[in-house]
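Read off the chains here:
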Amino acid sequence: TAQNTQGVTGVHLVPPHFVAQQIKAVFADVRVDAVKIGMIANAGIAEAVAETLAPHRGIPIVVDPVMIAKGGAALLDPQAVDALTKHLLPLATLLTPNLPEAAALLHEEVAESREQMASQAERLRALGPAAVLVKGGHLESNESPDILATDSGRHWFEAKRVPTKNTHGTGCTLSSALAAELAKGASPQAAVSTAKTYLAQAV
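Residues numbered from 1 in each chain as written. Predicted model: local features only at pLDDT ≥ 70, side-chain atom pairs only at ≥ 80, totals over all residues. Heavy atoms only, no water.

Student: How would you summarise the sheet that holds strand β5 (residues 94-95) if you had to cite specific residues and measurements?
Tutor: With mixed pairing, the 6 strands of this open sheet are ordered in space as β3-β4-β5-β6-β7-β8. Of all strands in the sheet, those bounded by a partner on one side alone are β3 (35-37) and β8 (153-157). Here β3 runs beside strand β4 (residues 61-63); their pairing, made up of 3 bridges, is parallel. Considered in β4, the bridge of K36 is made with V62. Contacting β3, β4, β5 and β6 (131-135), helix α6 (residues 170-183) runs over the sheet at an angle of about 160° to β3. (Pairing = 2+ DSSP bridges. Helix = DSSP H or I, 4+ residues; strand = E, 2+ residues; numbered from the N terminus. Contact = heavy atoms within 4.5 Å. Axes fitted to C-alpha atoms, helices over the stretch in contact; angles between N-to-C directions.)

Student: Provide a residue-level description of a nonpolar patch on the surface, including the pertinent values.
Tutor: A contiguous nonpolar patch, built from V11, L13 and M39 and spanning about 220 Å² of accessible area, is present on the exposed surface. With respect to the helices and strands, L13 occurs in the loop between β2 (8-10) and α1 (16-27). (Patch = residues over 30% accessible without salt bridge, like charges linked within 9 Å, V, L, I, M, F, W, Y side chains within 5 Å. Areas by Shrake-Rupley, 256 points an atom, 1.4 Å probe, with all protein chains shown as cover. Salt bridge = Lys/Arg side-chain N within 4 Å of Asp/Glu carboxyl O.)

Student: How would you explain unusual backbone geometry if you had to name every residue and give the values?
Tutor: The phi dihedral of H107 is positive, around 55°, even though this residue is not glycine. Mapping H107 onto the fold places it in the loop between α4 (99-106) and α5 (114-125).

Student: Kindly report on the pattern of salt bridges, identifying the contributing residues and their values.
Tutor: In this structure the tally under the stated criterion is 8 salt bridges. A salt bridge links D33 to R31, with the nearest nitrogen and oxygen atoms 2.8 Å apart. We classify D33 as partly exposed; its relative accessible area is 33%. According to the relative accessible area criterion, R31 is exposed, its value standing at 68%. Overlapping salt bridges bring together E122, R125 and R154 as one network. (Buried < 20%, exposed > 50% of the residue type's maximum accessible area, 1.4 Å probe, protein only.)

Student: Just give me the short version of α6, but keep the residues and values in it.
Tutor: Look at α6: 20 Å from first C-alpha to last across 14 residues, which is about the 20 Å you get at 1.5 Å a residue. All of the buried residues in α6 are T170, G171, L174, S175, A177, L178, A179, E181 and L182. Where α6 is buried, its residues touch β3, β4, β5, β6 and α7 (188-202). A positive backbone phi angle near 100° is found at G185, which sits one or two residues after α6. (Expected span 1.5 Å × (residues − 1).)

Student: Account for α1, naming residues and giving values.
Tutor: Helix length check: α1 (12 residues) gives 17 Å between terminal C-alpha atoms against 16 Å at 1.5 Å per residue, within 8%. The secondary structure elements touched by the buried residues of α1 are α2 (43-53).

See below:
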């Protein structure tokens, strides 16, 4: 991507085989304690990432389904949504969509209430991820609640909306922090709690 603190201004696709080569190079060199998957631009890359990670099951994998940048730029080929759902969601320890991303994965309208968020979180978990964190930052309210759905139930994380324009990259930062916490052995709920506190301090 070509981007700065304000947003994304351009996207240049990397060939799928090269993405696979990048992943293999890291695994051949150091111990990998967690994986975070961010922007997957097309179906070919989604398939290459899934195929390359398949031999490494057991490592926590955070999938941040980056589809639309905060400024509105499309970061995922619409035809790749189904490939991402089919190949990467079943590998995910934790899936972290915002409201537009959750809706896109389910081919539905964007959630506008807590009830809709909870419903979408559960239906996304049915697609394969062990846990799903649906982020409520796009809700039209002074609150910014997130919901975590796991096999042990649902948990809401409450937060006041921070009045700032400096939010570019917050989703990527959160998913990276989540991967770091899962790498240390934290449960999904504990990881979300720590990562959200870290992100709130950063914002």
